[in-house]
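# Coordinate inspection notes
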Amino acid sequence: MDLKEMRPRLKSELGISEVNSGVYSNDWIDNPKGRKINLYSPIDGEFIAGVNGGSKEEYEVMVKNMEENYEKWIKLTSPQRGELIRLIGLELRKNKEKLGRIVSLETGKTVVEGEGEIQEMIDIADFAVGLSRQLYGYEIASERYNHRMYEQWLPLGIVGVITSFNFPSSVWSWNSFIAAVVGNVVVWKPSSKAPLTAISVMNIITRVIKEHHYPEIFSLIAGGGGEVGNLMTSDNRIKLISFTGSVDGGRKVSEAVAKRFGKVILELGGNNASIISDRADINVALKGVAFGALATAGQRCTTTRRIIVQESIYDEFIKKLVNVYSKVKIGNPLEEGVLVGPLIDESAVNNFMKAIEQARHEGGRVLFGGEKLSIKGYEKGFYVKPAIITMPEVSPVSCQETFAPILYVFKYKTIHDAIKIHNAVPQGLSSSIFTTDLREEELFLSPWGSDCGLANVNTATAGAEIGGAFGGEKETGGGRESGSDAWKSYARRQTVTINWGRDIPLSQGIKFDIK
Ligand code: UN1
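Position numbers for residues start from 1 in each chain and track the written sequence from start to end. Two thresholds apply to this predicted model, a pLDDT of at least 70 for residue-level local features and 80 or more for giving and counting side-chain atom pairs, whereas whole-chain, interface and lining totals are computed over all residues. The side-chain quantities take in all heavy atoms of the structure and omit both hydrogens and water.

## What about the domain arrangement of the protein?
What counts is decided by this rule: The domain limits used here are those given by an automatic or database domain assignment. Any two residues whose heavy atoms approach within 4.5 Å are treated as being in contact. Throughout, the accessible surface (probe 1.4 Å) given up by two parts as they are put together, summed over both, is called the buried area. One side-chain nitrogen of Lys or Arg within 4 Å of one carboxyl oxygen of Asp or Glu is enough to make a salt bridge.
When cut into domains, the protein gives domain 1 (3–268 + 476–494) and domain 2 (272–465). For domain 1 and domain 2, the distance between their C-alpha centres works out to 30 Å. Tallying the contact residues gives 26 residues for domain 1 and 27 residues for domain 2. Taking both partners together, domain 1 and domain 2 bury about 2100 Å²; carbon and sulfur atoms supply 61% of that area. If you sort the residues of domain 1 by the area they bury against domain 2, Pro42, Ile43 and Thr476 come out on top, with a joint share of 24%. Applying the counting criterion to the domain 1 and domain 2 interface returns three salt bridges. Between Lys380 and Glu46 there is a salt bridge whose closest N-O contact spans 3.3 Å.

## A short note on the packing of helix 3 (residues 78–94) against helix 5 (residues 111–131)
Basically, it comes down to this: Axes here refer to lines fitted to C-alpha atoms; in helices the fit is confined to the stretch in contact. Angles between the N-to-C directions go from 0 to 180 degrees. The numbering of helices and of strands both runs from the N terminus, where a helix is a DSSP run of H or I of at least 4 residues and a strand a run of E of at least 2. Here roughly perpendicular refers to angles of 65 to 115 degrees, roughly parallel to angles under 35, roughly antiparallel to angles over 145, and oblique to all remaining angles. Throughout, a crossing is termed right-handed when the near helix is turned clockwise from the far one, and left-handed when it is turned anticlockwise from it by less than a right angle.
For the pair helix 3 and helix 5, interaxial distance at closest approach is 9 Å and the crossing angle is 155°. Classified by the angle between their axes, helix 3 and helix 5 sit roughly antiparallel to one another. Viewed along their axes, helix 3 and helix 5 form a crossing whose handedness is left-handed. Together, Gly82, Ile85, Arg86, Gly89, Leu92 and Arg93 of helix 3 and Ile118, Met121, Ile122, Ala125, Asp126, Ala128 and Val129 of helix 5 make up the contact between the two elements.

## Re unusual backbone geometry
For residues other than glycine, phi is negative in most cases, and the peptide bonds are mostly trans. Phi at Phe261 takes a positive value of approximately 55°, unusual for a residue other than glycine. Following the sequence through the fold, Phe261 ends up in the loop between helix 9 (247–259) and strand 11 (263–267). At Gln508, a residue that is not glycine, the phi angle is positive and equals roughly 55°. Locating Gln508 in the fold gives a position in the segment after strand 25 (491–499).

## Topic: helix 2 (residues 56–73)
Definition in use: One less than the number of residues in a helix, times 1.5 Å, gives the span that helix is expected to have. With a 1.4 Å probe rolled over the protein chains alone, any residue whose accessible area is under 20% of its type maximum counts as buried; one over 50% counts as exposed, and the rest are partly exposed.
The terminal C-alpha atoms of helix 2, which comprises 18 residues, lie 25 Å apart, in line with the 26 Å expected from a rise of 1.5 Å per residue. Of the residues making up helix 2, those classed as buried are Glu58, Tyr59, Met62, Val63, Asn65, Met66, Asn69, Tyr70 and Trp73.

## What to know about the side chain of Ser274
Considering the arrangement of structural elements, one finds Ser274 in strand 12 (residues 272–276). The buried category is assigned to Ser274, whose relative accessible area is 1%. Not counting the four nearest positions on each side in its chain, Ser274 is found in contact with Thr304, Arg306, Ile307, Ile308, Ser432, Phe434 and Thr461.

## Re the site of the ligand
Selection rule: To be near a molecule or strand, a residue needs just one of its heavy atoms within 4 Å of it. Here a polar contact means two N or O atoms within 3.5 Å. Within protein one must be a hydrogen donor candidate and the other an acceptor candidate, and residues neighboring in sequence count only if both atoms are side-chain atoms. Here the accessible surface of atoms and residues is derived via Shrake-Rupley with a 1.4 Å probe, and residues count as covered only by protein chains that are part of the display.
In the vicinity of the ligand, the contacting residues are Glu120, Asn166, Phe167, Trp174, Glu267, Arg300, Cys301, Thr302, Ala462, Gly463, Ala464 and Phe470. Contact between the ligand and Glu120: a nitrogen atom at 3.0 Å from a side-chain N or O atom of the residue. Taking Arg300, its side chain carries an N or O atom lying 2.8 Å from an oxygen atom of the ligand. Coverage of the ligand by the protein amounts to 99% of the 320 Å² it exposes when considered alone. Taken together, domain 1 (3–268 + 476–494) and domain 2 (272–465) each give at least three residues to the shell around the ligand, which thus spans both.

## Quick notes on the packing of helix 4 (residues 96–107) against helix 7 (residues 195–211)
We count it as follows: In this classification, Asp, Glu, Lys and Arg are treated as charged, Ala, Val, Leu, Ile, Met, Phe, Trp, Tyr, Cys and Pro as nonpolar, and every other residue, Gly included, as polar.
The N-to-C vectors of helix 4 and helix 7 enclose an angle of 165°; their axes lie 8 Å apart at closest approach. In terms of their interaxial angle, helix 4 and helix 7 are classed as roughly antiparallel. In this structure, helix 4 meets helix 7 at a crossing whose hand is right-handed. Judged by residue contacts, Leu99, Ile102, Val103 and Glu106 of helix 4 engage Pro195, Leu196, Thr197, Ser200, Val201 and Ile204 from helix 7. The residue inventory of the contact of helix 4 with helix 7, partitioned by class, reads seven nonpolar, two polar and one charged.

## Some points on the nonpolar core
Note the following rule: As used here, the term nonpolar core means buried Ala, Val, Leu, Ile, Met, Phe, Trp, Tyr and Cys residues forming a set that is joined through side-chain atoms within 4.5 Å.
Residues Trp172, Phe177, Phe218, Ile276, Ile307 and Phe317 are the most contacted members of the largest nonpolar core, which totals 152 residues. The residue makeup of this core includes at least three contributed by each of domain 1 (3–268 + 476–494) and domain 2 (272–465). Those residues in contact with Phe218, other than ones at most four positions away along the chain, are Tyr24, Met66, Ile85, Ile88, Trp172, Ser176, Phe177, Ala180, Val186, Met202, Ile205 and Ile209.

## Structural notes on the sheet that holds strand 4 (residues 47–52)
Inclusion rule: Strand pairing follows a simple DSSP-based rule, namely that at least 2 bridges must link the two strands.
Strand order in the open sheet formed by three strands is 1-4-3, with mixed pairing between adjacent strands. Each edge of the open sheet carries a strand with a single partner, namely strand 1 (19–21) and strand 3 (36–40). Between one strand axis and the next, the sheet turns through 25° on average, direction left out of account. Note that strand 3 and strand 4 share five bridges and pair antiparallel. Bridged to Lys36 within strand 4 is Asn52. Along the sheet, helix 7 contacts strand 1, strand 3 and strand 4; its crossing angle with strand 4, the most-contacted strand, is approximately 70°.

## With respect to the packing of aromatic side chains
Formally: Pairing of aromatic rings covers Phe, Tyr and Trp, the last counted by its six-membered ring, and requires centre-to-centre distances within 6.5 Å; plane angles under 30 degrees mean stacked, over 60 mean edge-to-face, and any other angle means tilted. A ring is scored as having a charge over it whenever the NZ atom of a lysine or the CZ atom of an arginine sits within 6 Å of its centre and within 35 degrees of its normal.
With the rule as written, the count across this model stands at 11 aromatic pairs. Relative to Phe218, the ring of Phe177 lies with its centre 6.2 Å away and its plane at 50°, an arrangement referred to as tilted. Of the two residues, Phe177 sits in helix 6 (residues 170–182) while Phe218 sits in strand 9 (residues 218–221), which places them 41 residues apart along the sequence. By the burial criterion, Phe177 is buried, and Phe218 matches it. Both rings, one in Tyr325 and one in Phe368, keep their centres 5.8 Å apart while their planes meet at 85°; by these two values the pair is edge-to-face. Here Tyr325, found in helix 11 (residues 311–327), pairs with Phe368, found in strand 14 (residues 365–368); they are 43 residues apart in sequence, far enough to count as distant. There is no split in this pair, since Tyr325 and Phe368 are both buried. Joined through ring pairs, the aromatic side chains of Trp172, Phe177, Trp188 and Phe218 make up one cluster. For the cation-ring pair, Lys385 lies above Phe368, with the distance from its terminal atom to the ring centre recorded as 5.0 Å. Across the ring face of Tyr314, the terminal group of Lys411 is positioned such that the distance to the ring centre comes to 4.6 Å.

See below:
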């Protein structure tokens, strides 16, 4: 696919101009006054488009609009709200290919991964539609005669979603489609590294909203340098902030929101490992590790960053893995057969190089890759050769998340040692074990096994489905979004007690007789 030809076509099909408004508040705001962002494709370093971010004043107007829109939205029943999400899902299906390409152009994802991003939105839309008829609360047995107790889940109001560049729209939809059926309205601050995907998505879904005369429940405000983010995190009117990003960023968000007793969902760093047992199906393990470590050029929160290999198969496994890596095609992610595209920008490449340097200092041996790459015809793109580094022990570099394709390799003797190494990092998002041994597998899933939010057996740390709750423990932040009952995070729980008798018996047997 020719990038020169694709740029203008994509732009016109998705409503992207040379300079775009980065603020949608009931409609696109002309010429917003906030920070200007210029976007260059990581594929070839060429300019894609500019975005004008929102100012404080524009933010204020937006929040006021959203308060009004919320009042209208909560008057609809949940299945009626689900109907809008169904219509949005249909429109996303029609635009999957185009939206997928803008994801690729902006973030450097391969064609299948770009489209996969939009598929993930479609999937969560379907899930949210079903959910709109299943927002169950429990009934509780009351100790009082002629009393009924139950709990109901009410919307919070305005929910703020701050997304990262690596999943520039799907993570927003996990939060927003679910939040919407529960009855909330959403303010979205996209990553300043990937606002064009957000703008294209908003162009499509707000068209559906207008066409079918629904309240404007989704708004967008691009920004950079933390200005918009700070407005959101300190704003009492934003009842919940769902933040995806670094541990440092998450700590700031968490502190700011805690100060005002707001709610947060944090999806922060991952430092995910796979244990490769001597009883693993080696081919399955090789494929799982390759996908986990290399997909999205190692820029997923769920990327496999460490493998822990049993000593009796260590040499053989590493040899095979190096062989797999050497065959993986790196380059323009829009070209067929390419599995690894560029990193997002120059600073990502620098962080990659720095981590490799640090790993060497800490006794690491680089078995493969670890260099910058110049791809013919794309010399200004941000390409690296994914690294495999053996480490003598758990050391600082392997305890940090470097958002790049670096795989640290550890050796273990017993499965207990493996789990110890596995859990020795501060993050706790995803984990996996490759084994055909029932006891090892169950040990990994036991309370003294993996300490992560996601635990996989014979499959990669990356590539979670939307149906499960997504998120992790420790420095990953503890939040859960997407499937299962993660919808409850977007609701306030209300315990209801109804007395339908002619007397008023009190709980705990208390007597309070008035004459
Ligand atoms: C992320 O990296 O922030 O599980 C989300 C996965 C994807 C989502 C990753 N479905 O790899």
